[in-house]
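Residue strings, one per chain:
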Amino acid sequence: MENRKYYSEQALESIARRTIKAYDPTLLLDNPRAIPIENIIERDFGLSVEYQYIRKNGRILGVTDFDDDIVPIYDMDLHEYILMEFKRGTIIIDASLLHCPNDGRLRFTCAHELAHWLLHQELYSGSGDIASMTENVKKSTDVDKAIEWQADKLGSDLLMPSGQVKIAYYRLRDKTNDIIAPLAEQFNVSKQAMEIKLKARHLI
């Protein structure tokens, strides 16, 4: 499987802006606030979000099905893996993230998986592979790394549009010594994700 498309950072930001604008242009114009990523996934793209325990160890946080597929899911009641059928356009989020909805990983995983859908359909459709977001696992090839970097970058841009982050930053910077925490709360993302965004924009 080859990574057929190269996306620059500017191209990914443009895709994010178009996606948000199509859902609600005021999200890019009014007071900065959290982007309703699950609503965008379901309303604008007709995708479905399901919460299942994908792996017993919680290593895989999200999966995107590009074809009708059968996926192994861990059943916590039976304490074993079962096979479940999912339709094309299903995003499976690990149910463990529902126990920590305020730490940002749930929304970032949703955004990451939507990014796969927006960028990598040509890559995965009909391949028998699925796009997945793993935690603390290094991808093995340069292609895998590039694909995951694209999904991470677009996911970040979807949740934290650069223009809105800058507006919020300049409004808050003289009012607090810890700019990261209030911005993370304002956009409903993790402090780590916000810190990465601010550094990328050379704001800290």
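Residues numbered from 1 in each chain as written. Predicted model: local features only at pLDDT ≥ 70, side-chain atom pairs only at ≥ 80, totals over all residues. Heavy atoms only, no water.

Following both chains from N to C, one finds helix α1 (residues 9-23) and helix α5 (residues 142-159) inclined at 45 degrees, their axes separated by 9 Å at the closest point. Compared by their axis directions, α1 and α5 come out oblique. Considering how the two elements wind past one another, α1 and α5 form a crossing that is right-handed. From α1, E9, L12, E13, I15, A16, T19 and I20 reach across to α5, where they touch W149, Q150, K153, L154, D157 and L158. (Axes fitted to C-alpha atoms, helices over the stretch in contact; angles between N-to-C directions. Helix = DSSP H or I, 4+ residues; strand = E, 2+ residues; numbered from the N terminus. Parallel < 35°, antiparallel > 145°, perpendicular 65-115°, else oblique. Left-handed = near helix turned anticlockwise from the far one by under 90°. Contact = heavy atoms within 4.5 Å.)

To continue, consider the confidence of the model for the chain. The share of residues in the chain with pLDDT of 70 or more is 89%, and the mean pLDDT across the chain is 90. Averaged pLDDT values for the elements of the chain fall to 57 in strand β6 (residues 131-134) and rise to 97 in α1. (pLDDT = per-residue confidence, 0-100.)

Judged by nonpolar contacts, the single largest core of 47 residues is most densely connected at I37, I41, L154, M160, V189, M194 and L198. Considering each element in turn, this core owes the most residues, 8 residues, to helix α3 (residues 105-119). Those residues in contact with V189 that sit more than four places away from it in its chain are G104, L159, M160, A184 and M194. Core analysis: the second largest hydrophobic core is formed by 7 residues, I54, I60, V63 and F86 among them. (Core = buried A, V, L, I, M, F, W, Y, C linked by side-chain atoms within 4.5 Å. Buried < 20%, exposed > 50% of the residue type's maximum accessible area, 1.4 Å probe, protein only.)

Look at α1 against helix α2 (residues 37-44): their axes get within 10 Å of each other, and the N-to-C directions meet at 75 degrees. With respect to each other, α1 and α2 are oriented roughly perpendicular. In this structure, α1 contributes T19, A22 and Y23 to the contact, and α2 contributes N39, I40, R43 and D44. Split into classes, the residues belonging to the contact of α1 with α2 amount to 3 nonpolar, 2 polar and 2 charged. (Nonpolar A, V, L, I, M, F, W, Y, C, P; charged D, E, K, R; others polar.)

Between its first and last C-alpha atoms α5 spans 26 Å; for 18 residues at 1.5 Å apiece the expected length is 26 Å, and the two agree. Residues I147, E148, Q150, A151, K153, L154, G155, S156, D157, L158 and L159 constitute the buried set of α5. (Expected span 1.5 Å × (residues − 1).)

Below, the discussion takes up the pattern of salt bridges. All told, the structure shown has 8 salt bridges when counted by the stated rule. The salt bridge involving E13 is made with K153; its shortest N-O contact spans 3.7 Å. Residue E13 is located in helix α1, and its partner K153 is located in helix α5; the two are separated by 140 residues in the primary sequence. Pair check on accessibility: E13 and K153 agree, each one buried. R33 is the salt-bridge partner of D24, the closest N and O atoms lying 3.8 Å from each other. The partly exposed category is assigned to R33, whose relative accessible area is 31%. When salt bridges that share partners are traced, they join E13, R17, K153, D157, K197 and R201 into one network. (Salt bridge = Lys/Arg side-chain N within 4 Å of Asp/Glu carboxyl O.)

A few words now on the packing of aromatic side chains. This model, assessed by the stated rule, comprises 3 aromatic pairs. With a centroid separation of 5.1 Å and an interplanar angle of 70 degrees, the aromatic rings of Y74 and Y81 are classed as edge-to-face. The partly exposed category is assigned to Y81, whose relative accessible area is 42%. Taken together, a centroid distance of 5.1 Å and an interplanar angle of 75 degrees make the contact between Y169 and Y170 edge-to-face. Classification of Y169 by relative accessible area gives buried; the value is 10%. Y170 sits in the partly exposed class, given a relative accessible area of 45%. (Phe/Tyr/Trp six-rings, centres within 6.5 Å; stacked < 30°, edge-to-face > 60°.)

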